[in-house]
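Chain residues, written in single-letter form:
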Amino acid sequence: MSGLSHIQSHFTSAHVSTMEDSIARLAISNALVFFVNGKKVTDHNVDPEMSLLSYLRRKLRLRGSKYSCGEGGCGACTVMLSRYDDQQKKILHHAINACYTPICAVHGMAVTTVEGIGSTRTKLHPVQERLAKAHGLQCGFCTPGMVMSMYTLLRNNPLPNSADIEESLVGNLCRCTGYRPIIEGFNTFTQNGCCGNPAACQGLGDEDNDMVSGLFTPSDFAPYDPTQEPIFPSELQLSDEYNNGTVRFASKATTWIRPTTLNDLLRMKSEIPDAVLVVGNAELAFDPTVRKLQHKTFLSASQVAELVQIDVSDDAIVFGSSVKMSRMCEVLKKRVEELPTFKGQTYAELLKMLMMVGDCQLRNVSGIGSHILAASPLSDLTPLLMASGTTVTVTSLKGGSRTMLLDNTFFKDYRKTSLKQDDTLVSLTIPVSSKNEYFGGYKVKKQVHRRDKDVAIVNAAFRVKFDGDIVKEAALCFGGTGPTVVVANSVSQKMIGRKWDETLLKDVQHMLGTELQLSTQGGMVEYRRSLLKSFFFKFYLKVLDELGEKVSGTSAERKSLSNSDRSALFDIEKSPTSGTQLYQVVPDGQPAIDPIGRPVMNESGCQLVTGEAVYCNDVSMEPDELQMAIVFSTRPHAKIISVDTSAALSLDGVHGYVDATDVPGKNTWPAANPLDEDSETFATEKVICVGQPIGGILADTPELARKAATLVNVVYEDKEYILSVQDAMKTGSFYQSSRRVEEGDVATELEKSDHIVEGEVYVSAQSHYYLETMNCVVRPNERDEMVVLSSTQCPNDVQMKVAQALGVSASKITVKVRRVGGGFGGKEFPPSELAKMCAVAAKKYGKSVRLMLTRDEDMQFVGTRHAALARYKVGCTSDGHLNALDIEVFMNAGCTEGISPALFGQIITQLSNAYKIPAYIMAVKLCKTNIPSCIPMRGAGGPKTMAIIEMIMDDVARKSGIPPEKIREINLYKEGDVNNLYQELPDIVNLRRCWDECLKRSDYYRRRAEIDNFNSENRWKKRGLAMVPTKRVLGLPLYFLNQAQALVHIYLDGSVLISHGGVEMGQGLNTKTVQIASRVLCIPQERIHINENSTDKVPNSSSTAASSGTDLWGNAVRVACETLMERLEKFIYENPKGSWEDWVNTAYMNRVSLSTSGHFKYPDIIGFDWDNLKGTKGQYYFCYGAACCEVEVDCLTGDHQLKRTDIVMDVGDSLNPALDIGQIEGAFVQGYGLYTLEELRYSKEGKLLTKGPGMYRIPQIGDIPSEFNVTLLKRAPCKVGLYSSKGVGEVGINIGFGAHLAIKDAVASARADAGLDGPFRLDSPATPERIRLACADEFTGKFNDHSIDDEFFIRP
Ligand SMILES: Cc1cc2nc3c(=O)[nH]c(=O)nc-3n(C[C@H](O)[C@H](O)[C@H](O)COP(=O)(O)OP(=O)(O)OC[C@H]3O[C@@H](n4cnc5c(N)ncnc54)[C@H](O)[C@@H]3O)c2cc1C
Ligand code: FES
Ligand code: FES
């Protein structure tokens, strides 16, 4: 009898022997022993509550691994966990997420962090070196996690292929780079050592030989030698000491016990009835009931020998409950290869689904049994296991062993199974499939899947078995329809005895609509209903296809599968990413020392890849530092009746509470409009949104502070509230500020038009989702001085507001920012509020105070990009020329008017995007609602209205019957045009140049024909192709903001130190300023050092925002360096053969100052005169670009994949092509997220539901185009730009809309097949739900409801 089968029959109460190894013996705590980066760590006092991440960061001071989401969804905390596996007799290396891995789970194992593989003090590991040199980083916050995922892959597979690399990085999010350069850098480890595009790798040019591709030189890389990797600690390999026997670690509140035999486990479970079994902790870490327990005992089941066994037989595989999903994948893969296809079907489908469960990090720790027992209604695996006839074996000390079928009786209710408290799941037995049996598993890929109750999405698994061509057995299983995964028993039964024909299909689909209860929990009911039918339809066709091959002709009714229907069967695949990045070479004769125009690596690249780069929260804690947690409002609009802090303050380790009464200075900050209410730092009498701070708890640890904050009892008196733009429109809830511009006689022009389209569109909000959540440390000093370390884009704002809150002069407040882990506009103003709260607490308690928001807190507290709804009427001539547009845009500004009015310029200029509209009325209103006050995000207002006009252009094309690209082309701005704010468009020819070059490089017309052909042959997969142009004005919206200062010192050894007022947050500002200083001073970049931004060195700086950073601070540095060179000129002249050091020293000896500041202001910026509706000169200049996107859409699920993107962008003469291309690609992918994936939803009670990566889906590595080409427009110097360059940080967002248009193009083809023509509405983002419903076929009904409200949630 094999091991597991033996266990299944062995465990009866009679058989379980009395354990000598009793719990009493376990009263002795063990010392936790593990290795970190080769060094042994022994801890006799470990707190089992601690995560591995907190342990590394706080106790071991290894701060390379980052906290970003704390829920396993981003990979910023990835480390490698290595252990010796006794079963497989080998060392296993796994990438895991340290944020939810309990520290006790690593006992007897070896942890490798980013610090352990290479450093700037010794040598970079090739993974680190290549990532840095390939420009695969920007803000760098995701970088250590990326490095560790790749490093672990190489430890397991020294010669991976591109698909392996992309697969291993699925769990690592990056918000900055757009992933392409990360993949390209890591692809150098593949056999080809290349990105898949030889031209790019070899740095070849195109036909025009002043353009080159290749942003780095692979031959510069140190070779990778896998034999040089550190060895696994011999102590762990040679001795069983740490793996054998039971160990126990305990703190006052929590106990962790790790038994190694099932006998021990059962005994402990019976002796400690509340003990919770744990394997990967991926569910338990977030389980609110477990979190609330006062005293917790965890029984780790990960190393229980019987639970990790695997038995493979002819008929089945028996997996021990604690077998990890990644191990299960290996076993299934092998079995699928060994078995005949019909027998291996279930395993093949299970394997396919397993690979879509979370990511490598999750699959490396999660047990298959615990996945089932988590009893999630959205589990992807459970439906397949149920459909396959999987049985589970359960045992307990008292009840003995029993085997159960995974069916409807197993799952009782939401997160509840029929297991009793003392039951342990031992194993699951998954049978092979049999002859005449068919199996399929289905899920929507581009969906968030984690927090069950909030987002429900249907998945399914089906099995049928035939006798001849009659159905003999059937099992239709669904997840996401209600509180549990279900087998649709009555429908399944009614299939038995039937033939597999269209009547069966129709009947089943009808029954799925009528007999299967679909809960409204989670919303999206129409979509989910359509998925039930669509999934079954796919399965029906699959079986029909396979049946047809075997028994074709046995049933007269059965139609064979048409080629067009066959398109339902294949999955949309993402092929490995490749691409070409083309840029102009520097002019002949440019000195080699001059780095301008060259793809210079990020100046902090080595620090970022080694984890040595210091972010605000990486600064060491002071011994008596207080940790703050905010008490947030839980009501959208309410009067505060009382606040009771007693329960919170009674906790050990809690030191105090601050609120408005503790603010010595101003608790308010004025709104832009005097009629609007002031914003309060701490709410006093009322709250106006969920997430508004009311007070702050100070405690020893952040966890304790957070726990105490939840105990603060606030009593509210609720008031009426509004959340959505639609409700604001209904009730007339608007702010006073609005804008309206008008040109020509719109009514007459509309009347004259040959085609008129009227409509309404909605573009949702977007969360900034920078990887580093907002944080701050405030350190009090003598005489009311305070030093504030902040993750802000605007240190000046922090300084001024902290000074006002404390009632002290700004000169006493110093704000320092070394770098920020991504900002995108979200860190312009909210960090000042955090800093004020900490400063008030620091003042009250005389101690340093630190506050780091969790991902959830950050997303609820910080306002988002505005959501917008537009109503329009547009008219054009029969040949497609626009005549007139009458449009009113309603933006959801949130609970205060705040900064929103400053965005009017961008909002309105982008309403015309790249098109000349002869007559127009454009009106914008700001809706007053009770969501957090909306703030700028990359592109500041423009990306919304740009999307709106592009949707309108699409309508015009569909109404007039003229191809969309033609409509766009003929309406593009031309030389001599002014825009809709009467601003001149100096180098507008570049718009048309970008357009033409993009058409050419994308091979648009040939591919158009190819795609039309594909679409005519495929009913259920459609491809879409779209071109989109853009223009964007550069510069900060207010006149006085367009100035900057820098401070440059030359030291006597010739080294140079730059300080400037801008903030480095990944855009490459510091790298570019070093390049600029190097050009002016004619010294190598290595001689130039750049320091943190500090308000005591450079005062009164504007926000680093609006793509203006390099224009402002780059110019300020240039001015300062030019001043210094003027001072040195005399000495150079006198000693032309001297060295830089000679000239510097001579100047010093002659008492010449070697330090100066540079001030820069943009000349002639007048902006827009709203009072007189007169535009003069724009802000700095305009950027232009065009993109062509191709997608493939699964019309039955709403899934899509970007296949190819070509971008041509005008960046003037690029200062650094690697950085500029990085900005374009990163912004494009962020725009792609905005327009196709990222959707914000609020509960009816005003709480943000879409918090964290488990609910809010930003683009992942698999989302980017398989072919990603970028060309910088050549010979396009910008007359007013710094060294003829343009700032390019934001414009790329707009062209992300190309993906939306391509999806719409594909959907239009599906609609045409369903007999629907003409304009149709596809709001943004084009989520799977919207795509699926817009495809409008027999499974959706002719869906026409465009309401943005859902029964379950509110779209802002
Ligand atoms: C970032 C992330 C992404 C995810 N993505 C997906 C996804 O795409 N699709 C999907 O389906 N799921 C997804 N999940 C859910 C995930 O699959 C499950 O959370 C995971 O499988 C649970 O395994 P675990 O070992 O970590 O469970 P644990 O948290 O360790 O345990 C889960 C439960 O099982 C119990 N348990 C464990 N072993 C036994 C036993 N032998 N007997 C009795 N009780 C036991 C525990 O007490 C606990 O109640 C995701 C989760 C995360 C964190
Ligand atoms: S996955 Fe650990 S911090 Fe996000
Ligand atoms: S570089 Fe990846 S998140 Fe910033």
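Structure first, text after, so check above.
Values in this document were obtained by computation on a predicted structure and should not be read as measured data.

Describing the overall build of the protein
1) Next: When helices and strands are counted, the protein shows 39 helices and 50 strands.
2) Next: Along the first, second and third principal axes, the C-alpha set of the protein runs to 95 × 75 × 70 Å.
3) Next: Considering the protein as a whole, with its 1356 residues, one finds that 65% of them fall into the buried category.
4) Next: Excluding contacts between residues fewer than 6 apart, the proportion of contacts in the protein whose partners are at least 24 apart in sequence is 78%.
5) Next: As presented, the protein carries roughly 46400 Å² of accessible surface, and 51% of it is formed by carbon and sulfur atoms.

A look at the sheet that holds strand 39 (residues 919-928)
1) Next: Judged by pairing direction, the sheet is mixed, and its five strands sit side by side in the order 31-39-38-37-32 without closing on themselves. With one partner strand each, in any of the chains shown, strand 31 (734-743) and strand 32 (755-763) form the two edges of the open sheet. Across the sheet, the mean angle separating the axes of adjacent strands is 10° when strand polarity is ignored.
2) Next: Bridge count for strand 37 (residues 868-876) against strand 38 (residues 882-894) is nine bridges, and the pairing is antiparallel. Within strand 38, the position partnered with Gly 875 by the bridge is Ala 884.

A look at the site of ligand 1
1) Next: Neighbouring residues of ligand 1: 28 residues in total, closest Leu 277, Val 279, Glu 283, Ser 370 and Asp 380.
2) Next: For ligand 1, an oxygen atom lies 2.8 Å from a polar atom in the backbone of Val 279.
3) Next: Note that an oxygen atom of ligand 1 is positioned 3.2 Å from one of the side-chain N or O atoms of Ser 366.
4) Next: Protein chains shield 91% of the accessible area of ligand 1, which is 990 Å² for the free molecule.
5) Next: For the shell around ligand 1, the secondary structure elements donating two or more residues are strand 9 (276-278), helix 14 (368-373) and strand 17 (424-431).
6) Next: Considering only residue class, the shell around ligand 1 consists of 12 nonpolar, 11 polar and five charged.

Quick notes on the packing of helix 29 (residues 942-960) against helix 30 (residues 964-971)
1) Next: Axis separation between helix 29 and helix 30 bottoms out at 8 Å; the angle between their running directions is 115°. Crossing hand, helix 29 versus helix 30: right-handed. Taken together, the residues of helix 30 that come into contact with helix 29 (itself represented by Glu 950, Met 953, Asp 954, Val 956, Ala 957 and Ser 960) are Pro 964, Ile 967, Arg 968 and Asn 971.
2) Next: A breakdown of the residues in the contact of helix 29 with helix 30 according to their chemical character gives five nonpolar, two polar and three charged.

Some points on helix 31 (residues 989-1001)
1) Next: The terminal C-alpha atoms of helix 31, which comprises 13 residues, lie 18 Å apart, in line with the 18 Å expected from a rise of 1.5 Å per residue.
2) Next: Buried positions along helix 31 lie against helix 30, helix 32 (1004-1017), strand 40 (1021-1033), strand 48 (1182-1194), strand 49 (1200-1210) and strand 50 (1267-1272).
3) Next: A positive backbone phi angle near 60° is found at Asp 1003, which sits one or two residues after helix 31.

Brief notes about the packing of helix 34 (residues 1109-1134) against helix 35 (residues 1140-1149)
Helix-helix packing: each pair is described by the crossing angle between the helix axes and the interaxial distance.
1) Next: Packing of helix 34 against helix 35 leaves a shortest axis separation of 9 Å and a crossing angle of 105°. In terms of their interaxial angle, helix 34 and helix 35 are classed as roughly perpendicular. Of helix 35, the residues touching helix 34 (which contributes Met 1125, Leu 1128, Phe 1131 and Ile 1132) are Trp 1140, Trp 1143, Val 1144, Thr 1146 and Ala 1147.
2) Next: Split into classes, the residues belonging to the contact of helix 34 with helix 35 amount to eight nonpolar, one polar and no charged.

As for helix 2 (residues 52-59)
1) Next: Judged by how many residues are buried, helix 2 sits mostly within the fold: six of eight residues are covered.
2) Next: Downstream of helix 2 by one or two residues, Arg 61 has phi in the positive range, about 55°.

A look at the pattern of salt bridges
1) Next: With the rule as written, the count across this model stands at 88 salt bridges.
2) Next: Across the salt bridge formed by Lys 542 and Glu 349, the nearest N and O atoms sit 3.7 Å from each other. In this pair, Lys 542 is assigned in helix 18 (residues 525-551) and Glu 349 in helix 12 (residues 341-354), connecting sequence segments 193 residues apart.
3) Next: We note a salt bridge from Lys 443 to Asp 380, for which the minimum N-O separation is 2.7 Å. In this pair, Lys 443 sits in the loop between strand 18 (437-442) and strand 19 (459-467) while Asp 380 sits in the loop between helix 14 and helix 15 (382-388), placing the two residues 63 residues apart along the sequence.
4) Next: Looking at Asp 380, the relative accessible area reads 7%, which means it is buried.
5) Next: Because the salt bridges share partners, they merge into one network encompassing Glu 950, Asp 954, Asp 955, Arg 958, Arg 968 and Lys 1304.

Overview of the nonpolar core
1) Next: Grouped together as the largest cluster of nonpolar side chains are 249 residues, with contacts concentrated most on Ile 887, Ile 948 and Trp 1140.
2) Next: Per-element accounting of this core gives the leading share, 10 residues, to helix 34.
3) Next: Beyond its immediate chain neighbours, meaning those up to four positions away, Trp 1140 contacts Ile 1050, Gly 1054, Val 1056, Leu 1081, Ile 1083, Arg 1087, Met 1125 and Leu 1128.
4) Next: The next biggest cluster of nonpolar side chains, apart from the first, holds 74 residues, and it includes Ile 317, Val 365, Leu 406 and Ala 461.

Let's talk about the side chain of Ser 1078
1) Next: Locating Ser 1078 in the fold gives a position in helix 33 (residues 1069-1081).
2) Next: Beyond its immediate stretch of four places on either side in the chain, Ser 1078 contacts Ile 593, Pro 595, Ile 1083, Pro 1084, Gln 1085 and Ile 1088.

What to know about the sheet that holds strand 13 (residues 391-396)
1) Next: Read across the sheet, five strands follow the order 11-12-17-13-14 without closing on themselves; strand pairing throughout is antiparallel. Looking at the sheet topology across the chains shown, the edges are occupied by strand 11 (310-312) and strand 14 (400-405). Going across the sheet, the axis of each strand differs from the next one's by a mean of 15°, ignoring polarity.
2) Next: Bridge analysis of strand 13 against strand 14 gives six bridges, and the strand direction is antiparallel. Following the sheet pairing, Thr 393 is matched in strand 14 by Thr 403.
3) Next: Seen against the sheet, helix 9 (residues 262-271) touches strand 13 and strand 17 and runs at an angle of roughly 130° to strand 17.
4) Next: Along the sheet, helix 12 contacts strand 12 (316-320) and strand 17; its crossing angle with strand 17, the most-contacted strand, is approximately 125°.

What to know about the state of the cysteines
1) Next: Counted according to the given criterion, the structure contains zero disulfides.
2) Next: The thiol of Cys 104 is unpaired, and the distance to the nearest cysteine sulfur, on Cys 99, comes to 16 Å.
3) Next: Here Cys 1188 is not cross-linked by a disulfide; its sulfur's nearest cysteine counterpart is in Cys 998, at 5.6 Å.

Structural notes on the environment of Glu 1129
1) Next: Residue placement: Glu 1129 occurs in helix 34.
2) Next: On the basis of relative accessibility, which here comes to 54%, the residue Glu 1129 falls in the exposed class.
3) Next: The spacing of Glu 1129 and Ser 162 is 967 residues in sequence and 53 Å in space, taken between C-alpha atoms.

Let's talk about the packing of aromatic side chains
1) Next: One pass over the full model with this rule turns up 31 aromatic pairs.
2) Next: Between Phe 462 and Phe 478, the ring centres sit 5.5 Å apart and the planes meet at 70°, which makes this aromatic pair edge-to-face. On the criterion of sequence distance, the pair formed by Phe 462 in strand 19 and Phe 478 in strand 20 (residues 470-479) is long-range, its members being 16 residues apart. Grouping residues by exposure puts Phe 462 and Phe 478 together as buried.
3) Next: Pairwise contacts between aromatic rings join Tyr 438, Tyr 442, Phe 462, Phe 466, Phe 478, Trp 500, Phe 535, Phe 536, Phe 539 and Tyr 540 into one cluster.
4) Next: Cation over ring: Lys 1021 sits above Phe 570, and NZ or CZ is 4.5 Å from the ring centre.
5) Next: Its end group placed over the ring of Phe 1320, Lys 1304 keeps NZ or CZ at 5.0 Å from the ring centre.

Conventions and cut-offs
Here, residues in each chain are numbered from 1, in the same order as that chain's written sequence. Chain A is the first chain written and ligand 1 is the first ligand written, with later ones labelled in order. Selection of residues for local features in this predicted model requires a pLDDT of at least 70, selection of side-chain atom pairs for listing and counting requires 80 or more, and totals for whole chains, interfaces and linings are taken over all residues. With hydrogens and water excluded, all non-hydrogen atoms of the structure serve as input to the side-chain values. Secondary structure follows DSSP: runs of H or I at least 4 residues long count as helices, runs of E at least 2 residues long count as strands, and numbering of each begins at the N terminus. Three labels apply to residues, based on accessible area from a 1.4 Å probe with only protein chains included: buried if under 20% of the type maximum, exposed if over 50%, partly exposed otherwise in between. In what follows, a contact means two residues having at least one pair of non-hydrogen atoms within 4.5 Å. All accessibility values rest on the Shrake-Rupley procedure with a 1.4 Å probe; residue burial counts only the protein chains present in the view. For two strands to be treated as a pair, DSSP must find at least two bridges joining them. Axes, fitted as lines to C-alpha atoms, cover a helix only where it is in contact. Angles between the N-to-C directions of the axes lie from 0 to 180 degrees. Nearness is defined per residue: one heavy atom within 4 Å of the molecule or strand is enough. By the criterion applied in these results, polar contacts are pairs of N or O atoms within 3.5 Å in which, for protein atoms, one can donate a hydrogen and the other can accept it, and in which residues neighboring in sequence qualify only through two side-chain atoms. Amino acids outside the nonpolar list (Ala, Val, Leu, Ile, Met, Phe, Trp, Tyr, Cys, Pro) and the charged list (Asp, Glu, Lys, Arg) are all regarded as polar, and Gly is one of them. Crossing handedness: left-handed means the near helix sits turned counterclockwise from the far one by under a right angle, and right-handed means the same turn made clockwise. Take the number of residues in a helix, subtract one, and multiply by 1.5 Å to get its expected span. To sort the angles, those under 35 degrees are grouped as roughly parallel, those over 145 as roughly antiparallel, those from 65 to 115 as roughly perpendicular, and the leftovers as oblique. Whenever a carboxyl oxygen of Asp or Glu lies within 4 Å of a side-chain nitrogen of Lys or Arg, that contact is scored as a salt bridge. Among buried residues, the Ala, Val, Leu, Ile, Met, Phe, Trp, Tyr and Cys ones that are joined through side-chain atoms within 4.5 Å form a nonpolar core. Cysteine sulfur atoms are paired as a disulfide whenever they fall within 2.5 Å. Here is the rule: rings of Phe, Tyr and Trp (six-membered ring for Trp) pair when centre to centre is within 6.5 Å. Planes less than 30 degrees apart are stacked, more than 60 are edge-to-face, and the remainder are tilted. Note on criteria: charge over ring means Lys NZ or Arg CZ within 6 Å of the ring centre, with the direction from the centre no more than 35 degrees off the ring normal.

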